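Structural overview for review
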Amino acid sequence: MISNQILQETLEGIQAITKVDLIVMDVEGRLLAKTAEDGPLDYEDAVIAFAQSQAESQSLLGYQFFKVKDDKQLEYIILAKGDTDSTYMVGKLASFQIQNLLVAYKERSDKDNFIKNLLLDNLLLVDIYNRAKKLHIDTDVKRCVFIIETKSEKDNNALETVRNIFSVKTRDFITAVDEKNIILVKEVKSTDTYDDLNKTANIIVDMLSTEAMISVHVAFGTIVNEIKEVSRSYKEAKMALDVGKIFYSDKNIIAYSNLGIGRLIYQLPIPLCRMFIKEIFDGKSPDEFDEETLTTINKFFENSLNVSETSRQLYIHRNTLVYRLDKIEKSTGLDLRVFEDAITFKIALMVVKYMKYMESLDF
């Protein structure tokens, strides 16, 4: 169904051009939108009687009545104020306009349901292509799925903002499959790269931040070539969103193609992770260090195991850093100045993060 706001805006637009006041009622006589200050006397009863009649139009109580149907099902009654031929033409025009809006909204609803089922793998392969053809959706263009996660549930403001950003791109699809995530299925040009997709994600984040005052996380999958592969890009975007929360919490944009080792760890079974930590650290957890030691470790990794640069950025003497690294080696048996030991320690930190995240989901 068309929202009352859209109906109101449509009537106001027609009235501004024609100077004819209009009213839209439902078949039960309820007022939905109007430009007239007052309605005809007993118009509710008149509307119900007209709805039940066989007539397609009727002049009554100073108004001309018209029916608007959707696939033979009566949806609205239009009232145009006046009884002249020009008023009749305006009423027919308003009826035609709202009829077209019904068709457009129905088509968008059908496409929305199709895209939702496509993302969730609820369609057989033959159904995908048959329904896409009926809905005039291209099946062999490049697409990529973006997931926009909002902090609050049912954030219609965010959904409308995203729709406004991509409203001119009629070949893009915006939908939602749950309460917090907005899904954008975006058509991609043959020349577009993942840097271009990252720019699109930045536009989404910036627009929602400035126009809707909403902070969001955006994740996107890989580019797919056919419509049947769209669900894969969606699953990749979902994984990117989860992996980003665990390992890249400081980023509000994450691409599946940039997950690196985080993607591998995310797919490990928890028992295997526990076994790894136990074998490497003899049951200890590598994140049980104090804040100073953890800061030192992270900064050392950021600077590619460069002792001089790390000590400079931490504003400490080189010997102080060496002392801290020796202390870590004595505690864990791993010398972070040795590449292999550093890799082992880095992976262990990520595994512990992953385990804690998964444990938090159980509560």
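Bear in mind the structure is a predicted one, so any value in this text is a computation, not a measurement. (Residues numbered from 1 in each chain as written. Predicted model: local features only at pLDDT ≥ 70, side-chain atom pairs only at ≥ 80, totals over all residues. Heavy atoms only, no water.)

Comments concerning the nonpolar core
Defined as follows: Buried residues of nine kinds, namely Ala, Val, Leu, Ile, Met, Phe, Trp, Tyr and Cys, make up a nonpolar core once their side-chain atoms join them within 4.5 Å. The buried label applies to any residue whose accessible area, calculated with a 1.4 Å probe on protein chains only, is under 20% of its type's maximum; exposed applies above 50%, and partly exposed to all values in between. What counts as a helix is a DSSP run of H or I of at least four residues, what counts as a strand is a run of E of at least two, and both are numbered from the N terminus. Two residues qualify as a contact provided that any one of their heavy atoms is within 4.5 Å of a heavy atom in the partner residue.
If you look at the biggest cluster of nonpolar residues, it comprises 57 residues, and the most contacted ones within it are Phe114 and Phe345. Counting residues per element, this core draws most heavily on helix H13 (residues 339-361), which supplies 10 residues. Setting aside its immediate chain neighbours within four residues, Phe114 contacts Leu123, Ile128, Arg131, Ala132, Leu135, Ile137 and Ile227.

Concerning the environment of Leu74
Summarising the element assignment, Leu74 is placed in strand S5 (residues 73-81). Judged by relative accessible area, which is 16%, Leu74 ranks as buried. When the C-alpha positions of Leu74 and Asp26 are compared, they lie 8.9 Å apart, and in sequence the two are 48 residues distant.

Focus on the sheet that holds strand S8 (residues 181-187)
Going by this rule: DSSP-based pairing: two strands are paired if at least 2 bridges between them are found. Only the stretch in contact is used when fitting a helix axis, every axis being a line fitted to C-alpha atoms; angles between N-to-C directions are given from 0 to 180 degrees.
If you trace the 5 strands from one edge of the open sheet to the other, you get S7-S8-S6-S9-S10, paired in mixed fashion. Each having just a single partner strand, strand S7 (173-176) and strand S10 (253-255) make up the two edges of the open sheet. For this sheet, the mean inter-axis angle between neighbouring strands, taken without regard to orientation, is 20°. Pairing of strand S6 (residues 143-150) with strand S9 (residues 216-220) involves 5 bridges; the strand directions are antiparallel. Directly across from Phe146, in S9, lies its bridge partner Phe220. Packed onto the sheet, helix H6 (residues 194-210) meets S6, S8, S9 and S10 and runs at close to 160° relative to S9.

Details of the sheet that holds S5
With antiparallel pairing, the 5 strands of this open sheet are ordered in space as S2-S1-S5-S4-S3. At either end of the open sheet lies a strand with only one pairing partner, and these are strand S2 (31-34) and strand S3 (57-60). Strand-to-strand twist in this sheet, taken as the mean axis angle between neighbours without regard to direction, amounts to 25°. Pairing of strand S4 (residues 63-70) with S5, which is carried by 8 bridges, proceeds in the antiparallel orientation.

Looking at the packing of helix H10 (residues 291-302) against H13
Using the following cut-off: Roughly parallel covers angles under 35 degrees, roughly antiparallel covers those over 145, roughly perpendicular covers 65 to 115, and oblique covers all other angles. Note on convention: near helix rotated counterclockwise from far helix by under a right angle means a left-handed crossing. Clockwise means right-handed. When residue character is reported, Ala, Val, Leu, Ile, Met, Phe, Trp, Tyr, Cys and Pro are called nonpolar, Asp, Glu, Lys and Arg charged, and the others, Gly included, polar.
In contact at an axis separation of 12 Å, H10 and H13 are set at 120° when each is read in the N-to-C sense. Viewed along their axes, H10 and H13 adopt a mutual orientation that is oblique. Crossing angle aside, the handedness with which H10 passes H13 is left-handed. Every residue of H13 that contacts H10 at Ile297, Asn298 and Phe301 is listed here: Ala342, Phe345, Lys346 and Leu349. Residues belonging to the contact of H10 with H13 are distributed by class as follows: 5 nonpolar, 1 polar and 1 charged.

Brief notes about the layout of surface pockets
The following threshold applies: Detection works on a 1 Å grid of protein atoms alone, calling trapped sets that fit a 1.4 Å probe cavities and calling open sets with protein on both sides within 12 Å along at least five of seven lines pockets, with lining residues defined by an atom within 4 Å of a point. Grid points are joined across faces, edges and corners, and a volume is the space filled by probe spheres set on the points.
Counted as a void, the second largest pocket has a volume near 670 Å³. In terms of lining, the second largest pocket is formed by 21 residues, of which the most central are Asn298, Lys346, Leu349, Met350 and Lys353. Put simply, the parts of the chain that give the lining of the second largest pocket at least two residues each are H10 and H13.

Looking at unusual backbone geometry
The residue Lys19 is not glycine, and still its phi comes out positive at about 65°. Structurally, Lys19 is set in the loop between helix H1 (4-18) and strand S1 (22-26).

Concerning the pairing of S4
With 7 of 8 residues buried, S4 lies mostly within the body of the structure. Direction of pairing for S3 relative to S4: antiparallel, over a ladder of 4 bridges. Bridged to Ser57 within S4 is Phe66. Where S3 folds back on S4, the antiparallel hairpin that results is connected by 2 residues, among which Leu61 adopts a positive phi of roughly 55°. Following S4, the chain reverses through 2 residues before pairing antiparallel with S5; Asp71 in that reversal takes a positive phi of roughly 55°.

What to know about the pairing of S8
Strand residues, when the strand is regular, have side chains that alternate between the two faces of the sheet. Taking burial as the measure, the 7 residues of S8 include 6 buried ones, the bulk of the element. Across 4 bridges, the pairing between S7 and S8 is antiparallel. Following the sheet pairing, Thr175 is matched in S8 by Ile183. Where S7 hands over to S8, the hairpin turn is made up of 4 residues, counted between the paired strands.

Some points on the pattern of salt bridges
Condition: Salt bridge, as applied in this entry: a Lys or Arg side-chain nitrogen positioned within 4 Å of an Asp or Glu carboxyl oxygen.
The final tally for this structure, using the stated rule, is 17 salt bridges. Between Asp112 and Lys116 there is a salt bridge whose closest N-O contact spans 3.4 Å. In this pair, Asp112 and Lys116 both sit in helix H3 (residues 85-119), 4 residues apart, roughly one turn of the helix. Note on Asp112: relative accessible area 19%, which makes it buried. In this structure, the salt-bridge partner of Glu236 is Arg232, at a minimum N-O distance of 3.4 Å. Of the two residues, Glu236 and Arg232 both sit in helix H7 (residues 230-247), 4 residues apart, roughly one turn of that helix. In the salt-bridge network here, residues are joined through shared partners; they are Asp326, Glu329, Asp335 and Arg337.

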